[in-house]
Amino acid sequence: TEELKLQANGTHLKFLLADDSRYVRLALTQAVKIIGGEVIAEAATGREAIDKFLELRPNFVTMDLSMPGVSGVEAIASILHKDPTVNIIVISGTNLDEVREEVFNLGVKVFIKKPFDPMQVASIIGSLVM
């Protein structure tokens, strides 16, 4: 049923999932499917997240903060520098106030603490795009 598809600025919900844990990416894929989105890429490092973002231009990015190499914070800054309109959702086990403040100042829309429930993530993201 077409009317169940959520729209973000008239386009389908295309997600890049950036997390060094395959398990977390699987759980996020479930959440994206619940809201009718599509996972167009996954990244296990910050560098990979930046490269895949530039190549595929998803309109949603979920970003872990602690990843090998380029950190999530650096990747977020780089991605938002290239496209300030992208919806970035941080999903992290790091929940320090100063880190939250830093990413919100960069332009992150939502901060979800790990561990998380895919249904909860789906409802949070769903509420953003309706």
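All values derive from a computational prediction rather than experimental measurement.

Overview of the overall build of the protein chain
So, step 1. Tallying secondary structure elements over the protein chain gives 5 helices and 5 strands in all.
So, step 2. The C-alpha radius of gyration of the protein chain comes to 13 Å, within 12% of the 14 Å expected for a compact globule of 130 residues.
So, step 3. Dimensions of the protein chain along its principal axes, counting C-alpha atoms only, are 40 × 30 × 25 Å.
So, step 4. Every one of the 130 residues in the protein chain was classed for burial, and the buried ones make up 46%.
So, step 5. Across the protein chain, contacts joining residues at least 24 apart in sequence account for 61% of those joining residues at least 6 apart.

Concerning the pairing of strand E4 (residues 87-92)
So, step 1. Counting buried positions along E4 gives 6 out of 6 residues, so the element sits mostly inside the fold.
So, step 2. Residues Asn87, Ile89 and Ile91 point to one face of E4 and Ile88, Val90 and Ser92 to the other, with burial holding for every one of them.
So, step 3. Looking at chain direction, strand E3 (residues 60-63) and E4 are connected through 4 bridges and run parallel. What sits directly across from Thr62, in E4, is Ile89.
So, step 4. Crossover handedness for the path E3 to helix H3 (residues 72-82) to E4: right-handed.
So, step 5. With 4 bridges connecting them, E4 and strand E5 (residues 110-113) associate as parallel partners. Residue pairing across strands places Ile91 opposite Ile112, the latter belonging to E5.
So, step 6. For the handedness criterion, the β-α-β arrangement of E4, helix H4 (residues 97-106) and E5 is classed as right-handed.

Points about the sheet that holds E4
So, step 1. The strand order across the open sheet built from 5 strands is E2-E1-E3-E4-E5, with neighbouring strands paired in parallel fashion. Every other strand in the sheet has two partners, leaving strand E2 (38-43) and E5 as the edge strands with one partner each. Along the sheet, successive strands turn relative to each other by an average axial angle of 20 degrees, direction set aside.
So, step 2. Here strand E1 (residues 14-18) pairs with E2 via 5 bridges, running parallel. Paired with Leu17 across the bridge in E2 is Glu42.
So, step 3. Helix H1 (residues 22-34) contacts E1, E2, E3 and E4 of the sheet and is inclined by roughly 160 degrees relative to E2.

Procedures and definitions
Residues numbered from 1 in each chain as written. Predicted model: local features only at pLDDT ≥ 70, side-chain atom pairs only at ≥ 80, totals over all residues. Heavy atoms only, no water. Helix = DSSP H or I, 4+ residues; strand = E, 2+ residues; numbered from the N terminus. Rg over C-alpha atoms; globule rule 2.2 N^0.38 Å. Buried < 20%, exposed > 50% of the residue type's maximum accessible area, 1.4 Å probe, protein only. Contact = heavy atoms within 4.5 Å. Pairing = 2+ DSSP bridges. Right-handed = clockwise from strand over helix to strand, strands pointing away. Axes fitted to C-alpha atoms, helices over the stretch in contact; angles between N-to-C directions.

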